[in-house]
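Descriptive analysis of the structure
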Amino acid sequence: MSPTPVAGLKVLDLSKVLAGPLCAQYLGDMGADVIKIETTGAGDETRGWPPFRTGTAGESTGTVFLSANRNKRSLAIDLRSEAGRVAVQRLSDQSDVVIESFGPGVAKRLGVDAATLRERNPRLVYCSISGFGSVGPMRDGKGYDVILQAFCGMLAITGERGGPPVRSPFSPVDQATGLHALIGILAALVERSRTGVGTTVEASLFDTATGFLGYFLQGYWERGTEPERPGSGHESLCPYEAFETRDKPLILGVANDGLWRLFCDAAGLQDKVDDPRFATNAARVANREETVAMVRGVLVTRGRNEWMEALGKVGIPCSPLHTLGELSAHPHTAASGMVYEYPNERLGPTRAVAQPLRFGGERTSLRRPPPALGEHGREVLRGAGYDDTQIDAMLSTGVIALPSSAGSASQG
């Protein structure tokens, strides 16, 4: 049996795009019953972001959506309508957790804000995800990953020395904000187990991006000068970056003086071990250009695989610069269980990245593939106390949307 450490937890996911959906997906991976609330038109906008996974019937779904919405049920509902608002409020009455990422003031306007829902359900843990948080002059600002990378100075430290800024393309601010939200929710649930009362949790892209920069800011405050863009390197370590070999590049991670001595022995640089310019990491950082030039000069004399074997044999951290394809095909990836394939009736066999945790030595598993828009609307509303006549009325008036295969009560 796959581990389900939060089985029985009921989560209402009102969020969209990446941070909130990823947080809710991880709760779903761990066994929570997650209901994803989507608009009746296009649903979560990442459904329409290329590239797409296209099924045999021609249905296409954005791969970003597929990456962050497994183990959820989908209800497509118009929250702007009174009937839609009442239905979602009734679902929140049954929930342990609500996650939302609406723009400033939108949740209150829709009647799904923390004050409204927690008055109805005091045990509710209500998590808000925003761009800049609820306090400060930027609290009404719109937040996207690249905007916060720019605003918080991340783009000032990415890229090659002397070159232009380079966005970190895997949306680290969004993804880590989802993880911070998850941490906060789990902590609030522990607190609720003691007090019997829920609370609010706030996570923001601004807080996450600023938190990422902790040791950079500490260094800036001490020096009073901005760091240079380090490329693949590290301002506090040397040599610790990408180097060309005779054929293919590798990453070398000489993170302390013991590793430096081992590297010099493996690379035939024994005469440099005690040279005061290179003997300590601080000295190597101070003489970075000389250090890097010396290491570069020796690494280009042999091929990457030859260096990988020689350096690995004496315990020096190093790695090839893999592509995504090479990572996907690597034996360790397969053995780790971090990538797996699952059956999907709509889209055919589909691969996914697992939750990066093990419980009792086992990974969590997929119980539901990412849903079609509104796929579970009828069963979700039945669970909230609606009968099929009421659901059909909501469908006919456009309050909810169902896939064509689930349009009538007899099919639901």
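Along each chain, residues carry numbers from 1 onward, in the same order as the chain's sequence is written. Local features are withheld for residues below a pLDDT of 70 in this predicted model, meaning they are given only at 70 or higher, and side-chain atom pairs are given and counted only at 80 or more; totals for whole chains, interfaces and linings count all residues. Hydrogen atoms and water are omitted, and side-chain values are computed over all heavy atoms in the structure.

1. Considerations on the side chain of aspartate 113
We apply this condition: Put simply, DSSP H or I for four residues or longer makes a helix, DSSP E for two residues or longer makes a strand, and each gets a number counted from the N terminus. Think of it in three bands: residues with accessible area under 20% of the maximum for their type are buried, residues over 50% are exposed, and the middle band is partly exposed, with areas taken using a 1.4 Å probe on protein chains only. As used throughout, the charge tally considers Lys and Arg to be positive and Asp and Glu to be negative, leaving His and the chain termini uncounted. Any Lys or Arg side-chain nitrogen located within 4 Å of an Asp or Glu carboxyl oxygen qualifies as a salt bridge. Any pair of N or O atoms that falls within 3.5 Å is considered a polar contact. Within protein, one atom must be able to donate a hydrogen and the other to accept it, and sequence-neighbouring residues count only if both atoms are side-chain atoms. Should any heavy atoms of two residues lie within 4.5 Å, those residues are considered in contact.
Mapping aspartate 113 onto the fold places it in the loop between α4 (106-110) and α5 (114-120). Lacking a salt bridge, the buried aspartate 113 has lysine 108 as its closest oppositely charged neighbour, with an N-O distance of 6.2 Å. A polar contact of 2.7 Å, which involves the side chain of aspartate 113, links it to the side chain of threonine 116. Excluding its chain neighbours within four sequence positions, the residues that come into contact with aspartate 113 are Ala107, Lys108 and Tyr126.

2. Quick notes on the sheet that holds strand β11 (residues 318-320)
To keep things clear, this is the line we draw: We call two strands paired when DSSP finds no fewer than two bridges between them. Inter-axis angles, ranging from 0 to 180 degrees, are taken between N-to-C directions of lines fitted to C-alpha atoms, where helices are fitted over the stretch in contact.
Taken together, three strands build an open sheet; the order of strands is β9-β10-β11 and the sheet is antiparallel. Two strands lie at the open edges of the sheet, namely β9 (240-243) and β11, each paired on one side alone. The mean inter-strand angle of the sheet, taken between neighbouring strand axes irrespective of direction, is 20°. Note: β9 against strand β10 (residues 250-253), four bridges, orientation antiparallel. If you follow phenylalanine 243 over to β10, its bridge partner there is leucine 250. Most of the contacts of helix α12 (residues 288-299) go to β9, to which it runs at about 40°, and overall it touches β9 and β10.

3. Observations concerning the environment of proline 169
You can see proline 169 is positioned in the loop between α6 (145-151) and α7 (172-195). As a C-alpha pair, proline 169 and glycine 231 span 62 residues in sequence and 15 Å in three-dimensional space.

4. Some points on helix α8 (residues 205-212)
To be explicit about the condition: Directions drawn from the helix axis to the C-beta atoms are what define this arc.
Those residues of α8 lying buried are Leu205, Thr208 and Ala209. Projection of α8 onto a plane perpendicular to its axis shows the buried side chains occupying an angular sector of 95°, all on one side. Contacts made by the buried residues of α8 are with β7 (125-130), α6, α7 and β8 (200-204).

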